[in-house]
Amino acid sequence: MCDDGRVSETTNTDLDSCSPPPADGWVALTPAGRAVARAVGHDPAGTLLASDVDGTLSPIVADPTRAAVSERARRALAGLDGRVGTLAVITGRPVARAREMVDVDRRGGLDHLVMLGLYGVERYDVGTGQLQVPEPPAVMGQARHRLQEAVDRAVAADPAMAGTMVEDKGSAVVLHTRRAVEHDRALALLGPVARDLAGELGLAVEEGRDVVELKAWQTTKGDALRRLIAERMPSVLLMCGDDLGDLPAMAVVEEWIGEGRPGARVVSWSAEQPRVARSADVLCDGPEGVAAFLDEISGRITESSTM
Ligand SMILES: O=P(O)(O)OC[C@H]1O[C@H](O[C@H]2O[C@H](CO)[C@@H](O)[C@H](O)[C@H]2O)[C@H](O)[C@@H](O)[C@@H]1O
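Residues numbered from 1 in each chain as written. Predicted model: local features only at pLDDT ≥ 70, side-chain atom pairs only at ≥ 80, totals over all residues. Heavy atoms only, no water.

(A) Fine view of the pairing of strand β9 (residues 204–208). The side-chain alternation of β9 yields one buried face, formed by Ala204, Glu206 and Gly208, and one unburied face, formed by Val205 and Glu207. As judged from the five bridges shared by β9 and strand β10 (residues 211–215), these two strands associate in the antiparallel manner. For Val205, the partnering residue across the bridge sits in β10 and is Leu214. Adjacent in sequence and paired antiparallel, β9 and β10 are bridged by two residues, among which Asp210 carries a positive phi angle near 65°. (Buried < 20%, exposed > 50% of the residue type's maximum accessible area, 1.4 Å probe, protein only. Helix = DSSP H or I, 4+ residues; strand = E, 2+ residues; numbered from the N terminus. Pairing = 2+ DSSP bridges.)

Below is the structure:
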């Protein structure tokens, strides 16, 4: 594991020489990461804990329609619900899909969860049932149609592209290459096509694990997290994530820690995104490791309340 002496207060620049986190576990890499569980224990009501969904609470699978938050991660989230001041998910998924993935409607236990979808464009408060979902702009129909045409053409010309798909999220459309026969080649060929289309139609681009997303709005997870901070005024701040789309929110936490406040960037480790792991205060072994870390936080709250 990383030597404490080799990490700075907020940035672990030497991660490449470190081992991945322990199987199904987690490791604190920075002073901020090492101090955060105790800080939550001291002030659970002042804690804002936000998490991404895909790759962080939900294991990565080839078909995005089949992804779901793991049983263990859901239990760990529920263990924090109503015990930390703010529990939130901030996801690239639309809230309608995130509600299914986290299973908030059929099962109880997440009654205080705030769900920010499409990188903060959509919002659903489980407690109040309040839902904010803006209408997709008309241009998204054109984006979906043009991207699908490009995928169909590529598949017809090259069987190695077969399996590439377009995910329709209303205010965003996504080029998905994970299921392609040769997914790296599919991303290399169709990624630039998707980016050019975004430029032509005035859409924002979000890059991710085997995906290129075209979004109607520029809003990032950093914007979403800043808004939630302004609303809830926390004293302790944690963001869990695994992908490039989580980096703007991680930057908000880095700034927070840089101002001397308690917090942590909790990264769900994946060899697919080493750049994200480099910003970790706490590095977890995928969604199982994140769940283990959330359990640790819960345990600290219990410990503090019985002292
Ligand atoms: O913000 P997130 O909750 O992490 O959502 C980001 C993207 O997640 C989904 O794609 C990712 O998960 C898929 C299912 O495991 C996987 O097949 C894909 O390769 C991953 O990138 C989702 O499909 C995208 O729309 C989201 O943007």
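(B) How the structure looks around helix α9 (residues 286–305). A rise of 1.5 Å per residue sets the reference length of α9, with its 20 residues, at 28 Å; its end C-alpha atoms lie 29 Å apart and thus fit the reference within 8%. Among all positions of α9, only Gly286, Pro287, Gly289, Val290, Ala291, Ala292, Phe293, Leu294, Ile297, Ser298 and Ile301 are buried. (Expected span 1.5 Å × (residues − 1).)

(C) Quick peek at empty space enclosed by the protein. Applying the stated criterion to the full structure yields two cavities of 30 Å³ or more. Counted as a void, the largest cavity has a volume near 460 Å³. Forming the boundary of the largest cavity are 30 residues, of which Asp54, Arg93, Arg209, Val211 and Asp243 lie nearest the centre. Those elements that provide at least two residues to the lining of the largest cavity are β8 (172–176), β9 and β10. Per-element tally for the lining of the largest cavity: the top contributor is β9, with three residues. Split by domain, the residues of the lining of the largest cavity number at least three in each of domain 1 (26–134 + 220–306) and domain 2 (138–215). (1 Å grid on protein atoms, 1.4 Å probe; cavity = no way out; pocket = protein on both sides within 12 Å on 5 of 7 lines; lining within 4 Å. Points joined across faces, edges and corners; volume = space filled by probe spheres on them. Domains from an automatic or database assignment.)

(D) Summary view of the site of the ligand. The environment of the ligand is formed by 23 residues, the closest being Asp52, Val61, Arg209, Glu213 and Lys221. Within the backbone of Val53, one N or O atom sits 3.4 Å away from an oxygen atom of the ligand. Contact distances for the ligand include 2.6 Å between an oxygen atom and a backbone N or O atom of Arg209. Coverage of the ligand by the protein amounts to 98% of the 570 Å² it exposes when considered alone. When atoms are counted within 2 Å of each cavity's grid points, the one that captures over half of the ligand is the largest cavity. Elements with a contribution of two residues or more to the shell around the ligand: β8 and β10. Of the residues contributing to the shell around the ligand, the split by class is 10 nonpolar, three polar and 10 charged. Built from parts of two domains, the shell around the ligand gets at least three residues from each of domain 1 (26–134 + 220–306) and domain 2 (138–215). (Near = heavy atom within 4 Å. Polar contact = N/O pair within 3.5 Å; in protein donor to acceptor, adjacent residues only side chain to side chain. Areas by Shrake-Rupley, 256 points an atom, 1.4 Å probe, with all protein chains shown as cover. Sits in = over half its atoms within 2 Å of the grid points. Nonpolar A, V, L, I, M, F, W, Y, C, P; charged D, E, K, R; others polar.)

(E) Broad picture of unusual backbone geometry. Its identity as a non-glycine residue notwithstanding, Leu118 has a phi of 45°, on the positive side. Tracing the sequence through the fold places Leu118 in the loop between β4 (114–117) and β5 (122–125). Positive phi outside glycine occurs at Tyr119, with the angle close to 65°. Along the polypeptide, Tyr119 turns up in the loop between β4 and β5.

(F) Here's a closer look at the packing of helix α1 (residues 31–42) against α9. α9 packs onto α1 with a crossing angle of 45° between their chain directions and a minimal axis gap of 8 Å. One way to sum up the angle between α1 and α9 is to call them oblique. For the crossing formed where α1 meets α9, the hand is right-handed. On the side of α1, the interface is formed by Val36, Ala37, Arg38, Val40, Gly41 and His42, while α9 contributes Phe293, Glu296, Ile297, Arg300, Ile301 and Ser304. (Axes fitted to C-alpha atoms, helices over the stretch in contact; angles between N-to-C directions. Parallel < 35°, antiparallel > 145°, perpendicular 65-115°, else oblique. Left-handed = near helix turned anticlockwise from the far one by under 90°. Contact = heavy atoms within 4.5 Å.)

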